[in-house]
Amino acid sequence: MIRLARPTDLPLLPAIVASAATLFAGTAMAHVVDGPTTPAKALVAGLEAHSLWVAAAPQPCGFLLAAATAGWLHIQELSVARDAQGRGLGAALLQAAIAAAPALRCARLSLTTDRWLAWNAPFYARHGFAEVAAHDPALPEWLAGLPAHAATGGLDPARRCIMVRSA
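Residues numbered from 1 in each chain as written. Predicted model: local features only at pLDDT ≥ 70, side-chain atom pairs only at ≥ 80, totals over all residues. Heavy atoms only, no water.

Caption draft 1: Representation of the nonpolar core in the model. Judged by nonpolar contacts, the single largest core of 27 residues is most densely connected at Trp-53, Leu-64, Leu-73, Leu-94 and Phe-129. Those elements that provide at least two residues to this core are β2 (52–56), β3 (60–69), β4 (72–80), α3 (89–100), β5 (108–114), α4 (121–126) and β7 (160–166). With eight residues, the top contributor of residues to this core is α3. Counting residues in hydrophobic clusters, the runner-up holds eleven residues, among them Ala-5, Leu-13, Leu-52 and Leu-65. (Core = buried A, V, L, I, M, F, W, Y, C linked by side-chain atoms within 4.5 Å. Buried < 20%, exposed > 50% of the residue type's maximum accessible area, 1.4 Å probe, protein only. Helix = DSSP H or I, 4+ residues; strand = E, 2+ residues; numbered from the N terminus.)

Caption draft 2: How the structure looks around the pairing of β5. By the criterion of burial, β5 is predominantly enclosed, with five of the seven residues buried. Sheet topology note: the β4/β5 ladder contains four bridges and is parallel. Of the residues in β5, the one forming a bridge with His-74 is Ser-110. With α3 bridging β4 and the parallel β5, this β-α-β connection has right-handed handedness. Across seven bridges, β5 lies against β7 in antiparallel orientation. (Pairing = 2+ DSSP bridges. Right-handed = clockwise from strand over helix to strand, strands pointing away.)

Caption draft 3: Examining the packing of aromatic side chains more closely. With the rule as written, the count across this model stands at three aromatic pairs. Taken together, a centroid distance of 5.0 Å and an interplanar angle of 75 degrees make the contact between Phe-123 and Tyr-124 edge-to-face. Exposure remark for Phe-123: the relative accessible area of 15% places this residue in the buried category. The interplanar angle of 75 degrees and the centroid separation of 5.9 Å between the aromatic rings of Tyr-124 and Phe-129 together place this pair among those described as edge-to-face. Tyr-124 gets classed as buried once you look at its relative accessible area, which sits at 10%. Given a relative accessible area of 4%, Phe-129 falls into the buried group. The structure contains a cluster of three or more aromatic residues connected by ring pairs, namely Phe-123, Tyr-124 and Phe-129. The ring centre of Trp-116 lies 5.8 Å from the NZ or CZ of Arg-115, which sits over that ring. (Phe/Tyr/Trp six-rings, centres within 6.5 Å; stacked < 30°, edge-to-face > 60°. Lys NZ or Arg CZ within 6 Å of the ring centre and 35° of its normal.)

Caption draft 4: Spatial organisation of the pattern of salt bridges. Overall, the coordinates contain three salt bridges when judged by the stated rule. When the shortest N-O distance is used, the salt bridge between Asp-9 and Arg-3 registers 2.7 Å. What makes Asp-9 buried here is its relative accessible area of 3%. According to the relative accessible area criterion, Arg-3 is buried, its value standing at 12%. Across the pair Arg-115 and Glu-131 runs a salt bridge whose closest N-O atoms are separated by 2.6 Å. (Salt bridge = Lys/Arg side-chain N within 4 Å of Asp/Glu carboxyl O.)

Here you go:
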């Protein structure tokens, strides 16, 4: 069941991120396995803005955090606990965000992801997202700068791509 997050869900979400991150062991992104989880402040902001969804079965086992910015719903995090992966929960969470975008006054959705891992960019492409160049003049400045900003979090900017779709 996909639903908007509740305050009682927030303490459970860092464990989901940590579990999901284990999928990156042995890849070029292995450093995220022991990396920080989504900041509590960001989760609270998503909760308050109605842009944080959880997959609950019955306890949360996945979540999608997004932020509405100037007509864009930007997906900041999509994590599904390792033992719950492969059941379509990530796709269901993504569809919930896509469906909610118009009500959040967003005509477009965006995200950044690893362009080369088989389960990242191809997953989003199957859901209507297309990669766009960071220098595309149609992108807002805050979005165009995200791949380069990824280096501050330990991610290789060359591996990052911006993907967008209409709501």
